[in-house]
Amino acid sequence: QVQLMESGGGLVQAGGSLRLSCAASGSIVSINGMAWYRQASGKQRELVASISSSGRTNYADSLKGRFTISRDNAKNTVYLQMNSLKPEDTAVYYCKQRITAATIRRYEYDYWGQGTQVTVSS
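Every value quoted in this text rests on a predicted model; they were computed, and no experiment measured them. (Residues numbered from 1 in each chain as written. Predicted model: local features only at pLDDT ≥ 70, side-chain atom pairs only at ≥ 80, totals over all residues. Heavy atoms only, no water.)

## Looking at the sheet that holds strand S8 (residues 77-82)
For clarity, the threshold we go by: Here, any two strands with at least 2 DSSP bridges between them count as paired. Only runs of H or I of at least four residues qualify as helices and only runs of E of at least two qualify as strands under DSSP, and these elements are numbered from the N terminus. An axis is simply a line fitted to the C-alpha atoms; with a helix, the fit covers only the stretch in contact. Between two such axes, the angle follows the N-to-C directions and lies from 0 to 180 degrees.
Ordered by their spatial adjacency, four strands build an open sheet running S1-S3-S8-S7, and the pairing between neighbours is antiparallel. Every interior strand has two partners, whereas the edge strands, strand S1 (3-7) and strand S7 (67-72), have only one. Strand-to-strand twist of the sheet, defined as the mean angle between neighbouring strand axes without regard to direction, takes the value 15 degrees.

Shown next, in the form of structure tokens:
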């Protein structure tokens, strides 16, 4: 019943910016950590950034301060602001939220978005 809906991907020229959004919906009790991952064609999925329930953030070293993760708890949404984009940032970006759903078990699971394509051209 819980779903994550991603938006904001698309085609952008090198040096441009994009803002990705990922909103959770459904019978949600609570949301803890949130994160963004990406997977380029032919490569392994890698962590881009994460943010805890208290707002502590972590970033992949390769991003060198170009990306910023944030969250809006009232909207069950995590964002990824991407600046100074490079062709090597081209990938499918996936969001993840650790959610306790309103089920009888009250179990905490990692839910994933469907992925959104980000393509950076030269």
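## Section: unusual backbone geometry
Cut-off, in case you're wondering: Each residue's exposure class comes from its accessible area (1.4 Å probe, protein chains only) as a fraction of the maximum for that residue type: buried when under 20%, exposed when over 50%, partly exposed otherwise.
Positive phi outside glycine occurs at asparagine 76, with the angle close to 55 degrees. Here asparagine 76 shows up in the loop between S7 and S8. Judged by relative accessible area, asparagine 76 falls into the partly exposed class, the value being 23%. Even without being a glycine, serine 84 presents a positive backbone phi close to 50 degrees. Residue placement: serine 84 occurs in the loop between S8 and strand S9 (91-101). Residue serine 84 is classed as partly exposed on the basis of its relative accessible area of 41%.

## Details of the side chain of lysine 96
The cut-off we apply is this: Under the rule applied, a polar contact is a pair of N or O atoms within 3.5 Å (in protein, one hydrogen donor and one hydrogen acceptor; residues adjacent in sequence only if both atoms are side-chain atoms).
Position of lysine 96 relative to the elements: it lies in strand S9. A distance of 3.0 Å separates a polar atom in the side chain of lysine 96 from a polar atom in the side chain of tyrosine 37.

## What about the nonpolar core?
One broad trend across soluble globular proteins is that nonpolar side chains are buried collectively. Note the following rule: Take the buried Ala, Val, Leu, Ile, Met, Phe, Trp, Tyr and Cys residues and link them wherever side-chain atoms come within 4.5 Å; each set so joined is a nonpolar core. By the convention used here, residues are in contact when the closest approach between their heavy atoms is within 4.5 Å.
In this structure, Trp36, Val48, Phe67, Val78, Leu80, Met82 and Tyr93 are the most contacted members of the largest nonpolar core, which totals 27 residues. Elements that contribute at least two residues to this core include exactly strand S3 (18-25), strand S4 (28-39), strand S5 (46-51), S7, S8, S9 and strand S11 (116-121). Among the elements that line this core, the one with the most residues is S9, at five residues. The residues touching valine 78, leaving out its near neighbours within four places in the chain, are Leu20, Ser21, Cys22, Met34, Trp36, Ile51, Ile69, Ser70, Arg71, Cys95 and Gln97.

## Thoughts on the state of the cysteines
Formally, a disulfide is one covalent bond, and it connects the sulfur atom of one cysteine to the sulfur atom of another. Here is the rule we go by: Sulfur atoms of two cysteines make up a disulfide when they are within 2.5 Å.
Summed over all chains, the structure comprises one disulfide. Disulfide pairing is shown between cysteine 22 and cysteine 95; the S-S distance is 1.9 Å. Its S-S torsion of approximately 55 degrees makes the covalent link between cysteine 22 and cysteine 95 right-handed. In this pair, cysteine 22 is assigned in strand S3 and cysteine 95 in strand S9, connecting sequence segments 73 residues apart. Of the residues examined, cysteine 22 reaches a relative accessible area of 0% and is grouped as buried.

## Some details on the pairing of S9
With eight of 11 residues buried, S9 lies mostly within the body of the structure. When S4 meets S9, the two strands line up antiparallel, connected through nine bridges. Following the sheet pairing, tyrosine 37 is matched in S9 by tyrosine 94. Both S9 and S11 contribute to a ladder of three bridges, which runs antiparallel. In the sheet register, valine 92 faces S11, and the bridge partner there is glutamine 117. Following S9, the chain reverses through six residues before pairing antiparallel with strand S10 (residues 108-112); arginine 106 in that reversal takes a positive phi of roughly 55 degrees.

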